[in-house]
Amino acid sequence: MSTGTKRPRGFLPMETNLFDRIFIGVVCFVAIHLLWMRFIEQYIPLAVATALSLILIYMIVRWG
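Source: prediction; values computed, not measured.

Q: Would you mind going over the overall build of the chain with me for this structure?
A: When you go through the chain residue by residue, the secondary structure sums to two helices and zero strands. For the chain, buried positions account for 16% of its 64 residues. At a minimum sequence separation of 6, the contacts of the chain that also span at least 24 residues come to 53%. With the model as given, the accessible surface of the chain reaches about 5,200 Å², and the carbon-plus-sulfur share is 71%.

Pasting the structure below:
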């Protein structure tokens, strides 16, 4: 990087590139679904977890 230019920093506590953010989003997607199936699926359908996970992935990739 040249002097005087700063890379914008997101809400993740580390410097990441696009692939890193996608990977973090997919890991969160899997973790949310596993926890959802274990504790919540009997009350709320898994489609809700999918929608929430996709929103989270978008936020991580876009602003992370």
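Now that the structure has been shown, the text picks up again.
Q: Explain helix α2 (residues 46–63) here, please?
A: Given 3.6 residues to a turn, an α-helix orients residues that are three or four positions apart in the same direction. Over its 18 residues, α2 runs 26 Å from end to end, which matches the ideal 26 Å to within 8%, given 1.5 Å per residue. Along α2, the residues that are buried comprise Ala49, Ser53 and Ile60. Within α2, the buried residues cover an arc of 30° as seen down the axis, which keeps them to one side. Facing away from the buried side of α2 by over 90 degrees, the exposed positions are Ala47 and Arg62.

Q: Would you explain the side chain of His33 in this entry?
A: Mapped onto the fold, His33 is located in helix α1 (residues 18–39). The residues touching His33, leaving out its near neighbours within four places in the chain, are Leu46, Ala49, Thr50 and Ser53.

Q: Looking at this model, I keep getting lost on the packing of aromatic side chains. Mind explaining?
A: Each aromatic ring pair is specified by the distance between its two centres and by the angle formed by the two planes. Going through the model one piece at a time under the given rule, you end up with one aromatic pair. Between Tyr58 and Trp63, the aromatic rings sit 5.7 Å apart at their centres with planes inclined by 85°, giving edge-to-face as the arrangement. Residue Tyr58 is classed as partly exposed on the basis of its relative accessible area, which comes to 48%.

Rules used throughout
- Residues numbered from 1 in each chain as written.
- Predicted model: local features only at pLDDT ≥ 70, side-chain atom pairs only at ≥ 80, totals over all residues.
- Heavy atoms only, no water.
- Helix = DSSP H or I, 4+ residues; strand = E, 2+ residues; numbered from the N terminus.
- Buried < 20%, exposed > 50% of the residue type's maximum accessible area, 1.4 Å probe, protein only.
- Contact = heavy atoms within 4.5 Å.
- Areas by Shrake-Rupley, 256 points an atom, 1.4 Å probe, with all protein chains shown as cover.
- Expected span 1.5 Å × (residues − 1).
- Arc of directions from axis to C-beta.
- Phe/Tyr/Trp six-rings, centres within 6.5 Å; stacked < 30°, edge-to-face > 60°.

Geometry only, nothing functional implied.
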